Amino acid sequence: MYGDCEAISSMGGNLVVSSETLFTSTFQNPNFSYLPLEPLPPMIPKEENGSLLRGKEEMKSGSESELQETTEQPLKKKRYHRHTAHQIQELEAVFKECPHPDDKQRMKLSQELGLKPRQVKFWFQNRRTQMKAQQDRSENVILRAENDSLKSEFYRLQAELSKLVCPNCGGPPVPGGVSFDELRIENARLGEELERVCAIASRYIGRPIQTMGALMPPSLELDMNINPRQFLEPMPPPILSETPSYPDNNNLILMEEEKTIAMELAMSATDELVKMCRTNEPLWVRNNETGKEVLNLDEHSRMFHWPLNLKQRSSEFRTEASRDSSVVIMNSITLVDAFVDANKWMELFPSLVARAKCVQVISQGVSGTNGCLQLMYAELHVLSPLVPTREAYFLRYCQQQNVEDETYWAIVDFPLDGFHNSLQTSFPLYKRRPSGCLIQDMPNGYSRVTWVEHSEIEEKPIHQIFSHFVHSGMAFGANCWLAVLERQCERIASLMATNIPDIGVIPSPEARKNLMRLSQRMIRTFCVNISSCSGQVWTAVPDSSDDTVRITTRKVSEAGQPNGLILCAVSTTWLPYPHHHVFDLLRDERRRAQLEVLSNGNALHEVAHIANGSHPGNCISLLRINVASNSSQHVDLMLQESCTDKSGSLVVYSTVDVDSVQLAMSGEDPSCIPLLPLGFFITPMELMNDGGCKDEANEHNITTGSLLTVGLQVLASTIPSAKINLSSIAAINNHLCTTVQQISSALSSNCIGSCNEGDNGKEK
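Residues numbered from 1 in each chain as written. Predicted model: local features only at pLDDT ≥ 70, side-chain atom pairs only at ≥ 80, totals over all residues. Heavy atoms only, no water.

Draft legend 1. Structural detail: empty space enclosed by the protein. In this structure the tally under the stated criterion is nine cavities of 30 Å³ or more. The wall of the largest cavity is formed by 18 residues, among which S351, C480, V484, S647 and F681 lie closest to the centre. Breaking the lining of the largest cavity down by element, the ones donating at least two residues are α12 (478-496), β17 (636-645) and β18 (648-656). Residues that form the lining of the largest cavity fall into these classes: 10 nonpolar, six polar and two charged. Taken domain by domain, the lining of the largest cavity gets at least three of its residues from each of domain 2 (256-305 + 315-496) and domain 3 (503-688 + 702-751). (1 Å grid on protein atoms, 1.4 Å probe; cavity = no way out; pocket = protein on both sides within 12 Å on 5 of 7 lines; lining within 4 Å. Points joined across faces, edges and corners; volume = space filled by probe spheres on them. Helix = DSSP H or I, 4+ residues; strand = E, 2+ residues; numbered from the N terminus. Nonpolar A, V, L, I, M, F, W, Y, C, P; charged D, E, K, R; others polar. Domains from an automatic or database assignment.)

Draft legend 2. A look at helix α17 (residues 658-665). Listed as buried for α17 are V658, S660, V661, A664 and M665. Seen from one end, α17 has its buried residues packed into an arc of 160°, which puts them on one side. Taking the backbone nitrogen of D659 as reference, a side-chain oxygen 3.3 Å away marks D657 as the first, capping residue of α17. Downstream of α17 by a residue or two, G667 has a phi angle that is positive, lying close to 100°. (Buried < 20%, exposed > 50% of the residue type's maximum accessible area, 1.4 Å probe, protein only. Arc of directions from axis to C-beta. Polar contact = N/O pair within 3.5 Å; in protein donor to acceptor, adjacent residues only side chain to side chain.)

Draft legend 3. The packing of aromatic side chains, seen in detail. Considering all chains together, one arrives at 12 aromatic pairs under this definition. Seen in terms of ring centroids, F95 and W123 are 6.3 Å apart; in terms of plane orientation they differ by 85°. Their pairing is edge-to-face. With F95 in helix α3 (residues 85-97) and W123 in helix α5 (residues 117-162), this residue pair connects regions lying 28 residues apart in the sequence. On the basis of relative accessibility, which here comes to 3%, the residue F95 falls in the buried class. Exposure remark for W123: the relative accessible area of 10% places this residue in the buried category. For the pair W123 and F124, a centre-to-centre distance of 5.2 Å together with 80° between the ring planes defines the contact as edge-to-face. (Phe/Tyr/Trp six-rings, centres within 6.5 Å; stacked < 30°, edge-to-face > 60°.)

Draft legend 4. Looking closely at the nonpolar core. Grouped together as the largest cluster of nonpolar side chains are 64 residues, with contacts concentrated most on W345, F349, W451 and L485. Of the residues forming this core, the biggest block, eight residues, is contributed by α12. Residue-level mapping places this core at the junction of two domains, with at least three residues from each of domain 1 (85-146) and domain 2 (256-305 + 315-496). What L485 contacts, discounting residues up to four positions off in sequence, is V328, L335, L348, F349, V449 and W451. (Core = buried A, V, L, I, M, F, W, Y, C linked by side-chain atoms within 4.5 Å. Contact = heavy atoms within 4.5 Å.)

Draft legend 5. Region of interest: the environment of R128. Relative to the helices and strands, R128 resides in helix α5. Each C-alpha atom of the pair R128 and F95 lies 8.9 Å from the other, and the pair is 33 residues apart in sequence. Filtering out sequence-adjacent residues up to four positions away, R128 remains in contact with F95, P99, H100, P101 and N444.

Draft legend 6. Seen up close, the pairing of strand β20 (residues 704-717). Of all 14 residues that make up β20, 10 are buried, and the element is covered over most of its length. With 11 bridges joining them, strand β14 (residues 564-575) and β20 adopt antiparallel strand pairing. Paired with V570 across the strands is G711, a residue of β20. (Pairing = 2+ DSSP bridges.)

Draft legend 7. Local environment of unusual backbone geometry. In this structure, P282 follows E281 across a cis peptide bond, with omega equal to 5°. Along the chain, P282 turns up in the loop between α7 (256-278) and β1 (284-286). Unusually for a residue other than glycine, N444 sits at a positive phi of about 65°. For N444, the location among the structural elements is in the loop between β9 (435-441) and β10 (447-458). Of note, S534 is a non-glycine position whose phi angle comes to about 60°, a positive value. Take S534: it is sitting in the loop between α13 (509-529) and β12 (539-540). The class of S534 is buried, set by a relative accessible area of 10%.

Draft legend 8. Representation of the packing of α12 against α13. Two numbers describe how α12 lies on α13: the axes approach to 10 Å, and their chain directions differ by 150°. For the element pair α12 / α13, the angle class is roughly antiparallel. Contacts between α12 and α13 involve Q488, R491, S494 and L495 on the former and, on the latter, R512, K513, M516, S519 and Q520. (Axes fitted to C-alpha atoms, helices over the stretch in contact; angles between N-to-C directions. Parallel < 35°, antiparallel > 145°, perpendicular 65-115°, else oblique.)

Draft legend 9. Focus on the pairing of strand β7 (residues 406-415). Buried residues dominate β7, accounting for eight of its 10 residues. Direction of pairing for strand β6 (residues 390-403) relative to β7: antiparallel, over a ladder of 10 bridges. Among the inter-strand pairings, V403 is bridged to a residue of β7, identified as E406. Hairpin remark: β6 followed by β7, antiparallel, with two residues in the connecting loop; positive phi at E404, about 55°.

Draft legend 10. Quick peek at the pattern of salt bridges. Inspection of every chain in the model, using the stated rule, returns 25 salt bridges. The residue R587 makes a salt bridge to D584 at a minimum N-O spacing of 3.4 Å. On the criterion of helical spacing, the pair formed by R587 and D584 is a turn pair, its members being three residues apart in helix α14 (residues 579-587). Through salt bridges with shared partners, a single network forms among R396, D413, R432 and E453. (Salt bridge = Lys/Arg side-chain N within 4 Å of Asp/Glu carboxyl O.)

Draft legend 11. Local environment of α12. Taking 1.5 Å of rise per residue, 19 residues should cover 27 Å, and α12 covers 27 Å from first to last C-alpha, within 8% of that figure. The element α12 is largely enclosed, with a buried count of 15 among its 19 residues. (Expected span 1.5 Å × (residues − 1).)

Draft legend 12. Quick look at the environment of E379. Along the chain, E379 turns up in strand β5 (residues 372-380). Taking C-alpha positions, E379 is 8.6 Å from L352, a pair spaced 27 residues apart along the chain. Side-chain polar atoms of E379 contact the side chain of R355, separated by 2.6 Å. A polar atom in the side chain of E379 sits 3.4 Å from the backbone nitrogen of S534.

It is worth stressing that arrangement in space is one thing and function is another; only the former is reported here.
Structure follows, in structure tokens:
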């Protein structure tokens, strides 16, 4: 997965590199293109790889020596056999699905690949050993970091304890007094008691009672100072994307008697999830036209008779149900921990989960995970303001189970219908029926995840351009969640690894991690700011021909983004080209430089490259702008991350100065570096009409298209209270239209060129 990127320059962890030597000399690669990466190769140092190779040679030499003793033939020099690239690719594909093939499978592979069964057997043995070594190293790194953190905390507490003095006499504290741990426990108990009493009182007086904590500051209204006849919708109040506000439901606290009911429903929901994951027909029926599984609602109602399914289904609600399964490169314990922690869950799914919060921990469970029951709030979004977000309160239960001698984790979400009927709801209404996933450990740190999504959504009109995308389940279906999860697990594996060779000027592993964390924050900021989450209000631009351009403003005064008034514009366009063609055009800095509106005629040269996935397009790049100038004072840098999976693709970038990059590479916290990301979101779609480039050799490309969402952000003014005028809106709207036109023209010319080449080849 990562081993194909060769290190151009080796730098020590303590090496100090100046800005002139780091960025003024461009990274040269005459054959530059995103190098082909094999799926999930072993992340093993050369010396360890050598030891494994020696072990393989010893096994082969041992078997050959036995053969020589029986036949009494003279000793011959052993002949080495190197597998071809095709053989390795096929073996890797089989290994990902089945790391332990049986004799029949090995025999079949040997016949298909022209290898001996013994060679296939030894290859799988070596591959399993490599993955085991990789997992052990990753766990050792995590444990070592946790150990260092605990030591530092212990020494800090010891130092603080030695400084304690009595407030009355100034002497040391009296032994046997109340410990700080006891005071913290008592304080937490009193806080919970206060919240419970306030919740009970609010039910009787009919309004919520404010508990401890500072009140939210009132938001300032923004005067757009434009013609109200052209923009009938009000412009939004400032939204701080880094600190989103949550709906006010202070009375949403489960009492003790409600907790008992919740635990009983959690067991029923878990049983339903397990059956939905493991049962095929007649519960799930495969559609022959689309190849997708469809839930049989009548069979579902017959199989599951718990209270939440006895309610009559309303015609105003549309049922969405889907199921999918995949293998991800992460063990079950780490996955479960990410689902239990709301912040980690948001970071794991930045393009799906806009906001998430644990409202109440109903049951701690064993070791914080097994048997854990939480009351959760989440807001799910599509990366476009044309699709409304889905907000819901639900209960999340996590349990480890054993079924048919198989151990797996079940994580189930089920609704809150039976507890609070007066719950503040969102628009449109979204009910999350028992949904979740089963996680089963596999060898070498992998996990098999089976995902089920089942929900009811209020039937409301959606913008025509996204109607098929949402109604077909491509927006929030199980296949979308699993595709993002698989890609994000590869990214986390790359982040935790310490022996992955990168290209360019990355001086140390810590610098590499900081650059990846900075890029992760850039991706999340972009996703949140181009959707309708957090109550952002978007205004339609009247000059838009297909009514797909939206604008909004927000005031930012916190670290992480430029302070001032930010104007954001988003446009979505349907293109008759496969989504991977659009992705390849936008992620390649050399091809994107041909788009005048995006590059301003400047050349882009890559000075650092981090591969974070099996696909060559999953990478982080540090690009140098204006390389014609050799003066370090005129050096501008661009941080870019591109990622793709079967659910869609993202290309996000932001300009950064040299000092900020050096700050991140020196090991400092990169959270204070201001980022104002721009980018593209490409989703695969079915072709709505005939057109595009027809190629008989690639018929699957004829019936596919894509939706291109362009998100632009500009700092309109460094004064947050400034007013924005109509000329600024017209300028950014014109920039959006020009961008889409140039991208369409570039794709059209590439398509015509490939068709002409195909026709010339046929004539020859």
